[in-house]
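# Tertiary structure, described
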Amino acid sequence: MGEVDPAFIQDPEHRPKIAFTEAQGIPLIDLSPISPQSSDKVSAVDEGVVREIGDACKEWGFFQVINHGVPLEKRQRIEDASRKFFAQSLEEKRKVRRNDKEVLGYYDTEHTKNVRDWKEVFDFTIEEPTIIPASHEPDDKEVTEWTNQWPDYPTELREACQEYAQEMVKLAYKLMELVALSLGLPGDKFHGFFKDQTSFIRLNHYPPCPAPHLALGVGRHKDGGGLTILAQDDVGGLEVKRKTDGEWIRVNPTPDAYIINVGDIIQVWSNDKYESVDHRVMVNSKRERFSIPFFFNPAHYTLVKPLEELTNEQNPAKYREYSWGKFITNRKRSNFQKLNVENIQIYHFRI
């Protein structure tokens, strides 16, 4: 990744500004009032925390959490293993390269909105194997299995990833409980959807870029799933599109915090009360950057639609039902071939 290949260059209106606005407003929420920290369940819920989560989901679609209960050593272990993996030669990394048959593993030619991202990634799923529809065709009922590809080096990567994944699942259930309560729903309202989850974790590496004003680590996008929990290093680069004025706002790293964002599925479940927000990743010319997002996604057979409890005559459903499994298989197609049409989006299901 020396000279900038034209495939990486953003259209002028989407190029990043080198001067940026720092996010003063993205809420930092302390989860310590919620106990016990070791449980998947939020047993003693602090009303203030529920209100803060609701306000953050409404106003920003993003927030940060501290005192979240994830042991720091588990995060450090996966971060160290990730750095070791990406430090290898391209030849070594490509031994676990993903393709249209093996959709998990290493990849360095991902596109967002048909422009190549300045990054390399390693993906693995939480459930092994993960069950997914075999094709995006609506009438095809066949399913297939996604299985993880683990590299020989570093030897500790697999265990570090699997241990960290369990911590992410625990935190995700806690957060979904708070989101449910903030919508006036029972705390366990969303739990059933994630029984056969299609969640996955991505290890991201963004090398230094000689033209940070032309390329992006990840182009502007919204997350299609339920909830995203991001660990980022101290370099920073995540930018969020502020709802009030459309400005791109930089999210500064907070030590040992996680950045949480609402995905498209929560937007549909909440019938637009909470919105999934555009975000992107800047690169810089001097420092490499690492991050680890966890994408909390429901079972493939989930039919996503606005929840009955949140719709009525005054506020009718704004989306028609769609299959989550078919949605992701559709999305995956565009990772391997440049399609002339826009990737599938939730607004395609708007009523």
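Residues numbered from 1 in each chain as written. Predicted model: local features only at pLDDT ≥ 70, side-chain atom pairs only at ≥ 80, totals over all residues. Heavy atoms only, no water.

### Some thoughts on the sheet that holds strand S12 (residues 227-232)
Strand order in the open sheet formed by eight strands is S2-S3-S15-S12-S17-S10-S7-S4, with mixed pairing between adjacent strands. At either margin of the open sheet sits one strand with a lone partner, and together these are strand S2 (28-30) and strand S4 (105-107). Across the sheet, the mean angle separating the axes of adjacent strands is 25° when strand polarity is ignored. Judged from the six bridges that link them, strand S7 (residues 120-125) and strand S10 (residues 200-206) form a sheet pairing that is antiparallel. Looking at S10, one finds that Phe124 is bridged to Ile201. (Pairing = 2+ DSSP bridges. Helix = DSSP H or I, 4+ residues; strand = E, 2+ residues; numbered from the N terminus. Axes fitted to C-alpha atoms, helices over the stretch in contact; angles between N-to-C directions.)

### Digging into the nonpolar core
Phe122, Leu175, Phe190, Ile201, Leu203 and Tyr258 are the most contacted members of the largest nonpolar core, which has 72 residues in total. Per element, the largest residue contribution to this core is 15 residues, and it comes from helix H4 (residues 157-182). In this structure Phe122 touches Phe85, Phe86, Val96, Gly105, Tyr106, Gln149, Trp150, Pro151, Leu157, Ile201, Arg202 and Leu203, once residues within four positions along its chain are discounted. One finds Ile26, Leu230, Val240 and Val277 within the second-largest nonpolar core, a separate group that totals 17 residues. (Core = buried A, V, L, I, M, F, W, Y, C linked by side-chain atoms within 4.5 Å. Buried < 20%, exposed > 50% of the residue type's maximum accessible area, 1.4 Å probe, protein only. Contact = heavy atoms within 4.5 Å.)

### A look at the packing of aromatic side chains
Throughout the structure, instances matching the rule amount to 17 aromatic pairs. Here the aromatic rings of Phe190 and Trp269 are separated by 4.9 Å at their centres, their planes lie at 20°, and the arrangement is stacked. With Phe190 in the loop between H4 and S10 and Trp269 in helix H5 (residues 264-269), this residue pair connects regions lying 79 residues apart in the sequence. By the burial criterion, Phe190 is buried, and Trp269 matches it. Considering the side-chain rings of Trp324 and Phe327, the 5.7 Å spacing of their centres and the 25° angle between planes classify their relative orientation as stacked. Within this pair, Trp324 and its partner Phe327 are both found in helix H6 (residues 324-336), separated by three residues, close to a single helical turn. Each member of the pair Trp324 and Phe327 is classed as buried. Each member of the aromatic cluster is reached from another via a ring pair, and the members are Tyr173, Phe190, Phe193, Phe194, Trp269, Phe294 and Phe296. Geometry around Tyr258 places Arg75 over its ring, the cationic atom sitting 4.9 Å from the centre. A cation sits over an aromatic face here: Arg280 above Trp248, 4.3 Å from the ring centre. (Phe/Tyr/Trp six-rings, centres within 6.5 Å; stacked < 30°, edge-to-face > 60°. Lys NZ or Arg CZ within 6 Å of the ring centre and 35° of its normal.)

### Overview of the pairing of strand S3 (residues 62-66)
Most of S3 is tucked away: four of the five residues are buried. As defined by bridge partners, S2 adjoins S3 across three bridges and the pair is classed as parallel. Paired with Ile29 across the two strands is Val65, which belongs to S3.

### What to know about the pairing of S10
In terms of residue burial, S10 counts as a mostly covered element, since seven of its seven residues are buried. The side-chain alternation of S10 yields two buried faces, one formed by Phe200, Arg202, Asn204 and Tyr206 and the other by Ile201, Leu203 and His205. Across five bridges, the pairing between S10 and strand S17 (residues 289-296) is antiparallel. In the strand pairing of S17, Tyr206 is matched with Arg289.

### Quick word on the pattern of salt bridges
By the definition in use, this model includes 26 salt bridges. The partner of Arg77 in a salt bridge is Glu163, and the shortest N-O contact between them spans 3.3 Å. You can see Arg77 sitting in helix H2 (residues 72-86) and its partner Glu163 sitting in helix H4, a full 86 residues away along the chain. (Salt bridge = Lys/Arg side-chain N within 4 Å of Asp/Glu carboxyl O.)

Read these as layout, nothing more, since geometry by itself doesn't imply function.
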